[in-house]
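Structure assessment
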Amino acid sequence: MIFTISRLVSVGLSAGASKAALRSLNPATSPRCINIHSLSRPIRAAPRRLYTTTATAKSTGALVFAVIASGASIVLNAVVLFRSRDPDNGSSNAIPEATLDVVPTVPQTSSEPICNLVKALEELQAEFPDSSVVSTDPDELYAYAQSVYSQFVGSPHSIVVHVRSTEDVVKVVKISKRYLVPIVPYSGGTSLEGNLSAPPSGSICIDLSGLDKILSINESDADVVCQAGVTWNCLNETLQEKGIPLFFPLDPGRDATIGGMISTGCSGTNAVRYGTARGEWILNAAGKTVVLPSGEVIKTRQRARKSSVGFDVTKLFIGAEGTLGIVTEATLRLAPLLPTTVAVAQFPDIRHATDAVCDILNHGVALQCVEIIDELTIKVLNQYGMSARNWPEKATLFFKFQGSDDAIRETSRFVEGSIAKYGATDYQLASNKQESEDIWQDRRNALFACLAYRPGCKGWVTDVCVPVSRLPDLISAAKQDFEELGLVAPIAGHVGDGNFHALVLYGDDAELALAKEAVSRINRKAIELEGTCTGEHGVGTGKRDYLVTELGEGTVALMRTIKQTLDPHNLFNPGKLYPDISPPSNTNALTEGHAIPDLKSTSQS
């Protein structure tokens, strides 16, 4: 049996696909093919070449994936087309094994590679014979393209590989390179900007969550070597259990992994005291730990605390979102674990609270954290019912002090006196450890309280950062936008570094459209105020369009030059980070996201 597939359309694997829809792809119920529009408009790939795929049925067999053409903009993202029945069971529905051969409809040059998922799958299964390692289960293909946060729904992958070592990653990368199949790394699944979605050409998802070992703790040097799948909270809990008075101070969302934190350049509530991942907390991607698109494994630096050898290669991979290399291990700097306590105070408005923080920081007060919550979020927390307190519905600052008892008392006295000049009221310093934990837990509960405020709604989390003194201007503009658009959006943020998050609630598609408009306005306003469209969540697919405005064409071009040098076939996490701009005429862009076809030259071909 021979037939030609000229266009493949994904069924149930669109951005809005549910697991129930995915289960409908079971080949037992759709044994031959799924939504194949034969003899329709051919797949178009960059550079504009037309390909068809010829499938020839042969003998008995197992699962076969649909192949996709080079750089196809419309593809089958992970659909099992065939499954054979046991030839001995007498079933009239027995289907022979299918093999797919890619046949170009126009002459192909060596610079026009073809992505061959079928061959890649076969080789992966041969390389990893354990059936638990290589997965083509539709539920997994969908799940590993999603974050625990729902604002971006990812397109499913074609294959998921659950790796257990750097050597496993190298094997997958080499197969990816051989068959030109894009790779998307996954570790904790907590990203917020569509970082995990598959490109339209299909992809191999490398699941790094199994790389979850702490390899060595060097207490005397205050550093630790661990794998990419270790979560920051698990690391700190391990240090505590071992009685080691050190901790890793970067604290994004709970269960964020070290690999994901490096790839997005994360931070968290402790940034006002300890900075971000772009500081010196990631000492190196140590030993054999960064796998490049070529399959080569490099280390970026030795374990020494400082080095003046060349430029800082480690930072090349911080914030690169897996587009330049896959980090499998890292050496992390640790900080002394000091006693802490918290305090809280209310203010007439956001501006008074922010001005108070600027004053405190400019006097050199050692704050570990200072968080701001607007009056709506306080109202939401009171309604949530998890707090032992009923907070005044005003703009509120949560402080975290650290040090000895004497140091904390002195810091508290200074802060209380300073903030009084800005209209602060109801200043409270926790009297003991339990009260301190209870007060700070209210800050942690803000997200969950806001999501519960409108049952059945979802929330879109913003992430912008401006110079601290400009934060009131940004929040004021955001509140005006929310009011104009009729949206409910509680606000909380890391006021000590000018970073705030609004949770824009929406209940239907109409509100979602308004939420996206509000987010866009906030991003543009932040850049206008000399800030950034993303303070700690990364770019992913959600913020790419703002990069040229924020950084300038020259900087973005330099980023793309580095990307194209390390990953000339655009195989590592395509479609993320870099905005779509026209490539040079001699650029062969394999997959969507980093380049768009030169339409002028296409029209002349």
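What you see is a predicted model; the values in this text were computed from it and never measured.

Rules used in this analysis
- Residues numbered from 1 in each chain as written.
- Predicted model: local features only at pLDDT ≥ 70, side-chain atom pairs only at ≥ 80, totals over all residues.
- Heavy atoms only, no water.
- Helix = DSSP H or I, 4+ residues; strand = E, 2+ residues; numbered from the N terminus.
- Buried < 20%, exposed > 50% of the residue type's maximum accessible area, 1.4 Å probe, protein only.
- Polar contact = N/O pair within 3.5 Å; in protein donor to acceptor, adjacent residues only side chain to side chain.
- Contact = heavy atoms within 4.5 Å.
- Pairing = 2+ DSSP bridges.
- Phe/Tyr/Trp six-rings, centres within 6.5 Å; stacked < 30°, edge-to-face > 60°.
- Lys NZ or Arg CZ within 6 Å of the ring centre and 35° of its normal.
- Salt bridge = Lys/Arg side-chain N within 4 Å of Asp/Glu carboxyl O.
- Core = buried A, V, L, I, M, F, W, Y, C linked by side-chain atoms within 4.5 Å.
- Domains from an automatic or database assignment.
- Expected span 1.5 Å × (residues − 1).
- Patch = residues over 30% accessible without salt bridge, like charges linked within 9 Å, V, L, I, M, F, W, Y side chains within 5 Å.
- Areas by Shrake-Rupley, 256 points an atom, 1.4 Å probe, with all protein chains shown as cover.
- Axes fitted to C-alpha atoms, helices over the stretch in contact; angles between N-to-C directions.
- pLDDT = per-residue confidence, 0-100.
- Parallel < 35°, antiparallel > 145°, perpendicular 65-115°, else oblique.
- Left-handed = near helix turned anticlockwise from the far one by under 90°.
- Nonpolar A, V, L, I, M, F, W, Y, C, P; charged D, E, K, R; others polar.

**Some thoughts on the side chain of Thr-264**
- With respect to the secondary-structure elements, Thr-264 resides in helix H6 (residues 258-264).
- Using a relative accessible area of 14% as the deciding quantity, one classes Thr-264 as buried.
- A polar contact is formed between the side chain of Thr-264 and the backbone oxygen of Gly-260, at a distance of 3.0 Å.
- Leaving out residues up to four positions away in the same chain, Thr-264 has contacts with Asn-195, Gly-319, Glu-536, His-537 and Gly-538.

**Thoughts on the sheet that holds strand S16 (residues 297-298)**
- Read across the open sheet, the three strands follow the order S16-S15-S17; overall the sheet is antiparallel. For this open sheet the edge positions go to S16 and strand S17 (326-327), each flanked by a neighbour on one side alone.
- One ladder, built from two bridges, connects strand S15 (residues 290-291) with S17; its direction is antiparallel. Bridged to Val-291 within S17 is Ile-326.

**Let's talk about the packing of aromatic side chains**
- In the structure shown here, the tally under the stated rule is seven aromatic pairs.
- Residues Phe-398 and Trp-440 carry aromatic rings whose centres are separated by 6.5 Å and whose planes lie at 80° to one another, so their mutual orientation is edge-to-face. Of this pair, Phe-398 sits in strand S22 (residues 395-402) while Trp-440 is found in helix H12 (residues 433-444), placing the two residues 42 residues apart along the sequence. Of the two residues, Phe-398 and Trp-440, both sit in the buried class.
- Taken together, the ring pairs in this structure connect Phe-247, Tyr-274 and Trp-281 into an aromatic cluster.
- The aromatic ring of Tyr-274 is capped on one face by Arg-273, whose charged end is 4.7 Å from the ring centroid.
- Across the ring face of Trp-281, the terminal group of Arg-333 is positioned such that the distance to the ring centre comes to 4.8 Å.

**Topic: the pattern of salt bridges**
- Summed over all chains, the structure comprises 27 salt bridges.
- The shortest N-O distance in the salt bridge between Arg-254 and Glu-237 comes to 3.0 Å. In this pair, Arg-254 is assigned in the loop between strand S13 (246-247) and H6 and Glu-237 in helix H5 (residues 232-241), connecting sequence segments 17 residues apart.
- Between Lys-315 and Asp-312 there is a salt bridge whose closest N-O contact spans 2.9 Å.
- Overall, the relative accessible area of 29% leaves Lys-315 in the partly exposed class.
- Each of the salt bridges in this network shares a partner with another, and the network as a whole consists of Glu-280, Arg-301, Asp-312 and Lys-315.

**Observations regarding the nonpolar core**
- Residues Leu-397, Phe-399, Val-415, Ile-419, Phe-482 and Phe-500 are the most contacted members of the largest nonpolar core, which totals 45 residues.
- Among the elements of the structure, strand S20 (340-347), helix H9 (350-362), strand S21 (367-373), S22, helix H11 (405-420), helix H14 (471-485), strand S27 (499-506) and helix H15 (509-528) are those that each provide at least two residues to this core.
- Here this core gathers at least three residues from each of two domains, domain 3 (338-447) and domain 4 (454-541).
- Here Ile-419 is in contact with Ala-345, Phe-347, Ala-356, Ile-360, Phe-399, Ala-424 and Tyr-427, once residues within four sequence places are set aside.
- With 38 residues, the next largest nonpolar core counts Leu-246, Leu-250, Ile-318 and Tyr-578 among its residues.

**Let's talk about helix H17 (residues 553-566)**
- The first and last C-alpha atoms of H17 sit 20 Å apart over 14 residues, in line with the 20 Å expected at 1.5 Å per residue.
- Elements that come into contact with the buried residues of H17 comprise helix H16 (547-551).

**Regarding the pairing of S22**
- Taken across its eight residues, S22 has eight buried, putting it largely inside the fold.
- Across the two faces of S22 the burial is the same, with Ala-395, Leu-397, Phe-399 and Phe-401 and Thr-396, Phe-398, Lys-400 and Gln-402 all buried.
- As paired elements, S21 and S22 share six bridges and run antiparallel to each other. What sits directly across from Glu-371, in S22, is Phe-398.

**Focus: a nonpolar patch on the surface**
- Taken together, Tyr-384, Met-386 and Phe-448 make up a surface patch of nonpolar side chains, about 320 Å² in accessible area.
- Mapped onto the elements of the fold, Met-386 is located in the loop between helix H10 (375-384) and S22.
- For Met-386, a relative accessible area of 57% translates into the label exposed.

**Thoughts on the sheet that holds strand S10 (residues 204-207)**
- A sheet is described by the order of its strands in space; here four strands give the open sequence S7-S8-S10-S9, paired in mixed fashion. The sheet is open, and its two edges are formed by strand S7 (134-135) and strand S9 (183-186), each paired on a single side.
- Two strands pair when backbone bridges link them, and S7 and strand S8 (residues 159-162) are joined in this way by two bridges, in the antiparallel orientation. Bridging across to S8, Ser-135 finds its partner in Val-160.
- In this fold helix H2 (residues 117-127) packs onto S7, S8 and S10, with an angle of close to 25° to the strand it touches most, S8.
- Helix H4 (residues 166-179) contacts S8, S9 and S10 of the sheet and is inclined by roughly 170° relative to S10.

**Examining the confidence of the model for the chain**
- For the chain, the average pLDDT comes to 81, and 76% of its residues sit at 70 or higher.
- Low pLDDT (under 50) marks residues 1-113, which in the prediction has 240 contacts with non-local residues, meaning those over four places away or in another chain.
- Throughout residues 583-605 the model reports pLDDT below 50, and contacts reaching past four residues in sequence, or to other chains, amount to 52 contacts.

**Regarding the packing of H2 against H4**
- H4 packs onto H2 with a crossing angle of 155° between their chain directions and a minimal axis gap of 9 Å. Classed by the angle they form, the pair H2 and H4 counts as roughly antiparallel. Considering how the two elements wind past one another, H2 and H4 form a crossing that is right-handed. Residue-level contacts link Lys-119, Ala-120, Glu-123, Leu-124 and Glu-127 of H2 to Lys-171, Val-172, Ile-175, Arg-178 and Tyr-179 of H4.
- Split by residue class, the contact of H2 with H4 holds five nonpolar, no polar and five charged.

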